[in-house]
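Descriptive analysis of the structure
Each chain, written out:
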Amino acid sequence: MNEALVAIVLNAVKERYVSEKAFYTHKLQITGQSWDRWKKGQQGLKYENMRILSTLFTDYEWMLVQKVVRNADILTEVENDPLSEYRDLKIAVAKKWLATGQCKVVWYTSDTDNDVIRDGISTLRLELPFDFWSYKDVIELHLPGVTRQYIEAHHRNLLEYFETIETSRV
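Residues numbered from 1 in each chain as written. Predicted model: local features only at pLDDT ≥ 70, side-chain atom pairs only at ≥ 80, totals over all residues. Heavy atoms only, no water.

On to the overall build of the protein, then. Looking only at helices and strands, the protein has nine helices and three strands in total. Reading the protein from its N terminus to its C terminus gives the helix and strand order α-α-α-α-α-α-α-β-β-β-α-α. What you see for the protein is a C-alpha radius of gyration of 17 Å, in line with the 15 Å of a compact globule of 170 residues. Taken over the C-alpha atoms alone, the protein extends approximately 45 × 45 × 40 Å along its principal axes. (Helix = DSSP H or I, 4+ residues; strand = E, 2+ residues; numbered from the N terminus. Rg over C-alpha atoms; globule rule 2.2 N^0.38 Å.)

Within the structure shown, the criterion is met by eight aromatic pairs. Measuring from centroid to centroid gives 5.2 Å for tryptophan 35 and tryptophan 38, while their planes differ by 25°, and the two rings are stacked. On the criterion of helical spacing, the pair formed by tryptophan 35 and tryptophan 38 is a turn pair, its members being three residues apart in helix α3 (residues 32-39). The exposure class assigned to tryptophan 38 is buried, which follows from its relative accessible area of 0%. Arranged with centres 5.4 Å apart and planes meeting at 40°, the rings of phenylalanine 132 and tyrosine 135 form a pair that is tilted. Taking relative accessible area as the criterion, tyrosine 135 reaches 46% and is therefore assigned partly exposed. (Phe/Tyr/Trp six-rings, centres within 6.5 Å; stacked < 30°, edge-to-face > 60°. Buried < 20%, exposed > 50% of the residue type's maximum accessible area, 1.4 Å probe, protein only.)

Here the focus is the pattern of salt bridges. Opposite charge on two side chains lets them pair, provided their charged atoms get close. If you walk through the whole model with that rule in mind, you get eight salt bridges. Note that glutamate 15 is salt-bridged to arginine 16, the shortest N-O span being 4.0 Å. The exposure class assigned to arginine 16 is buried, which follows from its relative accessible area of 14%. As a salt-bridge pair, lysine 39 and glutamate 20 come within 2.8 Å of each other at their nearest N and O atoms. In this pair, lysine 39 sits in helix α3 while glutamate 20 sits in helix α2 (residues 20-28), placing the two residues 19 residues apart along the sequence. Using a relative accessible area of 25% as the deciding quantity, one classes lysine 39 as partly exposed. The partly exposed category is assigned to glutamate 20, whose relative accessible area is 29%. (Salt bridge = Lys/Arg side-chain N within 4 Å of Asp/Glu carboxyl O.)

In structure tokens, the structure reads:
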């Protein structure tokens, strides 16, 4: 399996699930051995399980994942850190969407009673609608709940917040 895809998927699992085991056991319904073999590139996953992996991302994010994976095969700097490339790409797109003023911003907070999904994660969902019935591009950023509280308490503009994320990574 492509190492870039594995790195990005593992990060998405870590953001949302209490553990990898919770994800592959409850969502994929596969063994730890199968999961480890997939991560090491020793075997693929069934079509249905790859479809489930893709649901860790919005359609727009999945398209970005595919672009990063492709570029990791071509560009050494992307191959060396595909996760940062993916995150930076998402932030860059989110900033452009926010700057246009055309996207809708929605916050969600996960407060679940199950042992699979992580509690207290705030999801910032940016929706860019098309002028075509029911179609829109969506980016979701999964942040600790305290980040949302910080932004709201300090009346910070989201674009300003993204600037601080970008400068802290440099």
